[in-house]
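Structural features, examined
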Amino acid sequence: MGIWIMCRKFCAVIIWEGIAMKIYTTVIENETPMGLKDCPVCADRYNILLNAVTGRNVMEIMFRNCSDKKVRSVYLETDCFNKADIKTGTIKDIAYMNVRAEAEQTFGEKQAVSTDFNDISRIDIRITQVTFADGTTWENKTGVCLKEMPGLSEKSAPKQEKPEEKSRKKRIRKKQPK
């Protein structure tokens, strides 16, 4: 009988009869945030891990809610590329369900997505739909993938301000002495 131990950065170790075996090793770490101007969800980072037993890759993507609404679920696709930057395939219908992410909250870092590809060095993430707790949805009608946004941080997320917030900010600025 074996004992599973989960390590930081999704490294699983199994202890079998006193011998420790490392199951997952990190192949790629991408910590460059990715987003789209109108997309309510951003990807802060992703890791590609290798399963030492099967030889297959697993993806781990950390998302952040960039909207003011509570996110309930996110649906996406990923295009996978090898070291020669040749597309090896697409993984469709990836679902992050029951997210319950408030504004600026991260999610998804503990959900591994298995792949049928074993030479992945880069992925393109295409968020297809976001469902909010209030029942409304956002859809990616253009099919555009998230783009790298190195300057993107929690404070500078690409979200839209409500018109009343803009006018309130202008009033506050006028009242402040110079």
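Residues numbered from 1 in each chain as written. Predicted model: local features only at pLDDT ≥ 70, side-chain atom pairs only at ≥ 80, totals over all residues. Heavy atoms only, no water.

Here we come to the environment of Glu 31. Its place among the elements puts Glu 31 in the loop between β4 (24–30) and β5 (34–35). Among the residues examined, Glu 31 registers a relative accessible area of 52% and is labelled exposed. (Helix = DSSP H or I, 4+ residues; strand = E, 2+ residues; numbered from the N terminus. Buried < 20%, exposed > 50% of the residue type's maximum accessible area, 1.4 Å probe, protein only.)

Attention shifts here to the pattern of salt bridges. Summed over the entire model, instances satisfying the criterion amount to ten salt bridges. Notably, a salt bridge pairs Glu 104 with Arg 64, separated by 3.2 Å at the nearest N-O pair. Placement of Glu 104 in the loop between β9 (87–96) and β10 (106–107) and of Arg 64 in strand β7 (residues 57–65) is noted, with a sequence separation of 40 residues between them. Taking the relative accessible area as the measure of exposure, Glu 104 reaches 21% and is therefore partly exposed. (Salt bridge = Lys/Arg side-chain N within 4 Å of Asp/Glu carboxyl O.)

Before going further, it helps to spend a moment on the confidence of the model for the protein chain. Taken residue by residue, the protein chain gives an average pLDDT of 80. The fraction at 70 or more is 72%. When the criterion is pLDDT under 50, residues 13–18 qualifies, and its contacts beyond four places in sequence or with other chains add up to 20 contacts. pLDDT under 50 marks residues 154–178. Its contacts with residues more than four places away, or in other chains, come to 22 contacts. (pLDDT = per-residue confidence, 0-100. Contact = heavy atoms within 4.5 Å.)

Let us now look at the pairing of strand β8 (residues 71–81). Within β8, nine of the eleven residues are buried, leaving the element largely enclosed by the surrounding structure. Relative to strand β12 (residues 122–132), β8 runs antiparallel, the two sharing ten bridges. Residue pairing in the sheet places Ser 73 in a bridge with Thr 131 of β12. Pairing geometry for β8 and β9, over seven bridges, is antiparallel. Among the inter-strand pairings, Phe 81 is bridged to a residue of β9, identified as Lys 87. Linking two consecutive strands that pair antiparallel, namely β8 and β9, is a turn of five residues; a positive phi of about 60° is found at Asp 85 within it. (Pairing = 2+ DSSP bridges.)

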